[in-house]
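# Chains, contacts and geometry: an overview
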Amino acid sequence: MDLTETEISSKQIFTGRIVDLSVRTIKLPNGETASREVVKHQPASAAIAVNDKQEMLLVEQWREPIKELTLEIPAGLIDDTDASPLDAMKRELNEEGGYHADYWEKITEFYSSPGFTDEKLYLFYCDTLTKLTDKKALDPDEFLTSHWFNLEELKRLSAEGKIVDAKTLYAMSVWENMLLTSADTKEQND
């Protein structure tokens, strides 16, 4: 069975600075029609930033949609001043953490929640960090603090429900797999 849905029409409901909302009428694979609420979202970059103590940088900030403080990996929207997703992440690491990284590696691209939004995130890994004396200012409406956690602390925080952000949970899993792969490779070479 072909599972493709076909858009019949789309009505723009809201246009904002970061998101647009439309309601689309689509034809289902069985020939019936249905409505889909779709949020178009600017793409963003995020980073697994690891220091020389093998700790990951997380930022703590208020998230109004869930009315909670969250712990998240550094991330931000890719804007017109950025030449690439990596440039956006370098800017965000400076703004949110006050760091510069000498080593960068692109890990993957993924969609945050494709059931309703096209928000695409680019995930990077970085290390060999240097604390900056000329940190860029946060956005005028952005307030956060930064914290470092080792993998065991992150896993404990996750188990306690204190990390609820999906990109951060995914980044933790990626980082743990990187560490396990590195340890396996080292064992095989010894």
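Rules and cut-offs
- Residues numbered from 1 in each chain as written.
- Predicted model: local features only at pLDDT ≥ 70, side-chain atom pairs only at ≥ 80, totals over all residues.
- Heavy atoms only, no water.
- Pairing = 2+ DSSP bridges.
- Helix = DSSP H or I, 4+ residues; strand = E, 2+ residues; numbered from the N terminus.
- Axes fitted to C-alpha atoms, helices over the stretch in contact; angles between N-to-C directions.
- Core = buried A, V, L, I, M, F, W, Y, C linked by side-chain atoms within 4.5 Å.
- Buried < 20%, exposed > 50% of the residue type's maximum accessible area, 1.4 Å probe, protein only.
- Contact = heavy atoms within 4.5 Å.
- Polar contact = N/O pair within 3.5 Å; in protein donor to acceptor, adjacent residues only side chain to side chain.
- Phe/Tyr/Trp six-rings, centres within 6.5 Å; stacked < 30°, edge-to-face > 60°.

## With respect to the sheet that holds strand E4 (residues 44–49)
In space, the four strands of this open sheet follow the order E7-E4-E9-E8, with mixed pairing throughout. Edge strands, defined here as strands with exactly one partner in the open sheet, are strand E7 (75–77) and strand E8 (99–111). Neighbour-to-neighbour, the strand axes of this sheet turn through a mean angle of 25°, independent of strand direction. As paired elements, E4 and strand E9 (residues 120–131) share six bridges and run parallel to each other. Residue pairing for E9: Ala49 is matched across the bridge by Cys126.

## Comments concerning the nonpolar core
Of all hydrophobic cores here, the largest spans 22 residues; its most connected members are Ile48, Leu58, Leu123, Leu154 and Trp175. Breaking this core down by element, the ones donating at least two residues are E4, strand E5 (56–63), E9, helix H2 (151–159) and helix H3 (166–189). With four residues, the top contributor of residues to this core is H3. Those residues within four positions of Leu123 in sequence are excluded, and the remaining contacts are Ala46, Ala47, Ile48, Ile73, Glu105, Lys106, Ile107, Thr108, Phe110, Tyr170, Ala171 and Val174.

## A short note on the sheet that holds strand E10 (residues 144–149)
Pairing is antiparallel in the open sheet, where three strands are placed in the order E6-E5-E10. Here the strands that pair on one side only, and so sit at the sheet edges, are strand E6 (68–72) and E10. Ignoring strand direction, the axes of neighbouring strands in this sheet form an average angle of 25°. Bridge count for E5 against E10 is six bridges, and the pairing is antiparallel. Paired with Val59 across the two strands is Ser146, which belongs to E10. Contacts between H2 and the sheet are confined to E5, E6 and E10, with E10 contributing the most and set at about 120° to the helix.

## So, the side chain of Asp82
Along the chain, Asp82 turns up in the loop between E7 and helix H1 (85–97). Note on Asp82: relative accessible area 13%, which makes it buried. Within the local environment of Asp82, its side chain forms a polar contact with the backbone nitrogen of Asp79, the two atoms lying 2.8 Å apart. In contact with Asp82, other than residues within four places in its own chain, are Leu77, Asp87, Ala88 and Arg91.

## Overview of the pairing of strand E2 (residues 19–27)
Relative to E2, strand E1 (residues 6–15) is paired through eight bridges, and the arrangement is antiparallel. Looking across to E2, one finds that Thr6 is bridged to Lys27. Hairpin geometry of E1 and E2 is characterised by an intervening segment of three residues between the two adjacent antiparallel strands. Where E2 meets strand E3 (residues 33–41), nine bridges bridge the pair, whose relative direction is antiparallel. Counterpart to Lys27 in the pairing with E3 is Thr33. Between the end of E2 and the start of E3, which pair antiparallel, lie five residues, with Gly31 showing a positive phi angle near 95°.

## Remarks on the packing of aromatic side chains
Going through the model one piece at a time under the given rule, you end up with four aromatic pairs. Summarising the aromatic geometry, the rings of Trp104 and Phe124 are spaced 6.3 Å apart at their centres and angled 85° between planes, so their arrangement reads as edge-to-face. Pair noted here: Trp104 is in strand E8 and Phe124 is in strand E9, with a separation of 20 residues, a long-range link. On the numbers, 5.0 Å between centres and 65° between planes, the contact of Phe110 with Tyr170 is edge-to-face. Taken together, the residues span a long stretch of sequence, with Phe110 in strand E8 and Tyr170 in helix H3 at a distance of 60 residues.

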